[in-house]
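Read off the chains here:
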Amino acid sequence: MFTGSPNAMAQWEALPEEERQKSQSDGMAGWKKWATDNAASIVEMGGPLSRTKLVSKQGITDIRNHLGAFTIIQAESQDAAAQLFVNHPHFTLFPGEGVEVMEVLPIPGG
């Protein structure tokens, strides 16, 4: 899960247009290179995530979280998966703040 706070996004949006466009172009080139370099591990490239709605017993509410995008990969271990994201363009070129790496566990009794 690629993360970034609303504050980081506000800082990104406050950049001068020319600087933001250059950073976006460099970031997308970096992201594509990362995807090519790690193609053997990528199960689902995923994509950006939109606004969030929370559904609970109280009903449906608009909320904010720090989730910005997702990618599904396969690796020998969680540590090996995390290693794939060291210096990722998400947080080196874009306003993203990190990548959370979680293992998908089997459903108990499944």
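Our structure is the block above this text.
The following refers to the structure shown. Since the structure is predicted, the reported quantities are computational estimates derived from the model, not experimental observations.

### Side note on the environment of Met45
Note on placement: Met45 falls in strand S2 (residues 42-48). Its relative accessible area of 31% is what places Met45 among the partly exposed residues. Once the C-alpha coordinates of Met45 and Thr71 are considered, the two residues, 26 residues apart in sequence, prove to be 4.8 Å apart. For Met45, the residues in contact, after removing those within four places along its chain, are Trp31, Trp34, Ala35, Phe70 and Thr71.

### Quick notes on the layout of surface pockets
Here the largest pocket is characterised by a volume of approximately 910 Å³. Lining of the largest pocket is provided by 32 residues; of these, Met9, Leu49, Leu67, Gly68 and Ala69 occupy positions nearest its centre. Those elements that provide at least two residues to the lining of the largest pocket are helix H1 (6-14), helix H2 (17-37), S2, strand S4 (59-63) and strand S5 (67-73). It is S5 that provides the largest number of residues to the lining of the largest pocket, a total of five residues. Residue composition of the lining of the largest pocket, by class: 15 nonpolar, 14 polar and three charged. Approximately 470 Å³ is the volume attributed to the second largest pocket. Surrounding the second largest pocket, 19 residues form its lining, Ile73, Val101, Met102, Glu103 and Val104 being those nearest its centre.

### Remarks on the pattern of salt bridges
Using the criterion set out here, one finds four salt bridges in the structure. Between Asp26 and Lys22 there is a salt bridge, and its shortest N-O distance comes to 2.6 Å. Here the residue Asp26 and the residue Lys22 both occupy positions in helix H2, the gap between them amounting to four residues, near one helical turn.

### Looking at the nonpolar core
Ranked by size, the top nonpolar core spans 10 residues in total: Phe2, Trp12, Trp31, Trp34, Ala35, Ile42, Ala69, Leu84, Phe85 and Phe94. The biggest single contributor to this core is H2, with three residues. Leave out the neighbours within four places in its chain, and Phe2 touches Trp31, His66, Leu67, Gly68, Ala69, Phe70, Thr71, Phe85, His88, His90, Gly98 and Val99.

### As for the pairing of S5
Here is the key point about a regular strand: its side chains alternate between the two faces of the sheet. For strand S1 (residues 2-3) and S5, the ladder comprises two bridges, and the chain directions are antiparallel. Looking at the pairing, Phe2 lines up with Ala69 of S5. As defined by bridge partners, S2 adjoins S5 across four bridges and the pair is classed as antiparallel. Counterpart to Ile42 in the pairing with S5 is Ile73.

Conventions and cut-offs
- Residues numbered from 1 in each chain as written.
- Predicted model: local features only at pLDDT ≥ 70, side-chain atom pairs only at ≥ 80, totals over all residues.
- Heavy atoms only, no water.
- Helix = DSSP H or I, 4+ residues; strand = E, 2+ residues; numbered from the N terminus.
- Buried < 20%, exposed > 50% of the residue type's maximum accessible area, 1.4 Å probe, protein only.
- Contact = heavy atoms within 4.5 Å.
- 1 Å grid on protein atoms, 1.4 Å probe; cavity = no way out; pocket = protein on both sides within 12 Å on 5 of 7 lines; lining within 4 Å.
- Points joined across faces, edges and corners; volume = space filled by probe spheres on them.
- Nonpolar A, V, L, I, M, F, W, Y, C, P; charged D, E, K, R; others polar.
- Salt bridge = Lys/Arg side-chain N within 4 Å of Asp/Glu carboxyl O.
- Core = buried A, V, L, I, M, F, W, Y, C linked by side-chain atoms within 4.5 Å.
- Pairing = 2+ DSSP bridges.

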